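Chain residues, written in single-letter form:
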Amino acid sequence: KPPPGGFPHTAFTIAPAAAPAVLPRPKATVKAIDFGFRGATTLHRGDLVRFRNGGHVAHMIIGVRVDNVTAARKLERYIAAGNDKKAQPLFRGFVGFQGPVSPGQSQQLVIKAKPGVYVLACFEDTQDHREHTKIGMLRIIRIKR
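Residues numbered from 1 in each chain as written. Predicted model: local features only at pLDDT ≥ 70, side-chain atom pairs only at ≥ 80, totals over all residues. Heavy atoms only, no water.

Enquirer: Before we go on, may I ask you to explain the overall build of the chain in this structure?
Expert: Within the chain, the secondary structure is distributed over two helices and nine strands. Moving toward the C terminus, one meets the helices and strands of the chain in the order β-β-β-β-β-α-α-β-β-β-β. A compact globule built from 145 residues should have a C-alpha radius of gyration of about 15 Å, whereas the chain, at 19 Å, is more than 25% larger. Seen along its three principal axes, the alpha-carbon backbone of the chain occupies a region of about 60 × 40 × 25 Å. (Helix = DSSP H or I, 4+ residues; strand = E, 2+ residues; numbered from the N terminus. Rg over C-alpha atoms; globule rule 2.2 N^0.38 Å.)

Enquirer: So what exactly am I meant to see when it comes to the packing of aromatic side chains here?
Expert: The description of an aromatic ring pair rests on the distance of the ring centres and on the angle between the ring planes. Under the defined criterion, the tally for this structure stands at two aromatic pairs. Relative to Phe-97, the ring of Phe-51 lies with its centre 4.9 Å away and its plane at 15 degrees, an arrangement referred to as stacked. Remark: Phe-97 occurs in strand E6 (residues 93-101) and Phe-51 occurs in strand E4 (residues 48-53); sequence separation between them is 46 residues. A single burial state applies to Phe-51 and to Phe-97, both of which are buried. Their ring planes at 85 degrees and their centres at 5.1 Å tell us that Phe-91 and Phe-94 sit as a pair that is edge-to-face. The exposure class assigned to Phe-91 is partly exposed, which follows from its relative accessible area of 23%. Assessed through its relative accessible area of 54%, Phe-94 is described here as exposed. (Phe/Tyr/Trp six-rings, centres within 6.5 Å; stacked < 30°, edge-to-face > 60°. Buried < 20%, exposed > 50% of the residue type's maximum accessible area, 1.4 Å probe, protein only.)

Enquirer: Got a minute to help me understand the sheet that holds strand E7 (residues 106-110) in this structure?
Expert: Within a sheet, each strand pairs with its neighbour through backbone hydrogen bonds, oriented either parallel or antiparallel. In space, the four strands of this open sheet follow the order E2-E1-E4-E7, with mixed pairing throughout. Sheet topology places strand E2 (36-39) and E7 at the edges, where each strand pairs with a single neighbour. This sheet shows a mean twist of 20 degrees between the axes of neighbouring strands, independent of strand direction. Note that E4 and E7 share five bridges and pair antiparallel. By the bridge assignment for E7, Leu-48 is matched with Val-110. (Pairing = 2+ DSSP bridges. Axes fitted to C-alpha atoms, helices over the stretch in contact; angles between N-to-C directions.)

So, to be careful, I would describe these as geometric facts and stop short of saying anything about function.
This is the structure we're talking about:
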């Protein structure tokens with residue numbers, strides 16, 4: 001419940017930086033687009049990687065670790081079909097590469113995920129409430145040492 005007279009607030013303006021910081025140059029880039037992924041399919045543990053939303057809507061990039069490429073292909077089919085019951089037993093772990101971000105935004109991070117096979121996925125919803133995975137936002141990648 002707001003206090004009498006409402007919550008205190010003030011307006012302020014953020015000016016552009018006179019000398020904006022430049023992001024370090026990444027070893028690889030993975031881009032989320034409407035509705036798929038582009039860029040590197042092999043990432044290396046310890047490398048700096050840029051994850052970018054190159055689409056027109058908000059996207060996230062989650063990596064779902066699986067045992068092998070065969071399991072990854074099955075997982076892609078199950079998730080795209082909305083069959084979570086069959087998909088979940090294939091999960092071996094998760095890594096968040098990019099939280100939900102607006103169009104044009106990037107996140108950079110050093111890859112610390114275990115080496116192996118991953119399925120990239122965007123679990124955001126469209127305006128008509130379809131998960132982005134259901135319309136193609138899935139991709140198999142490898143993380144190596």
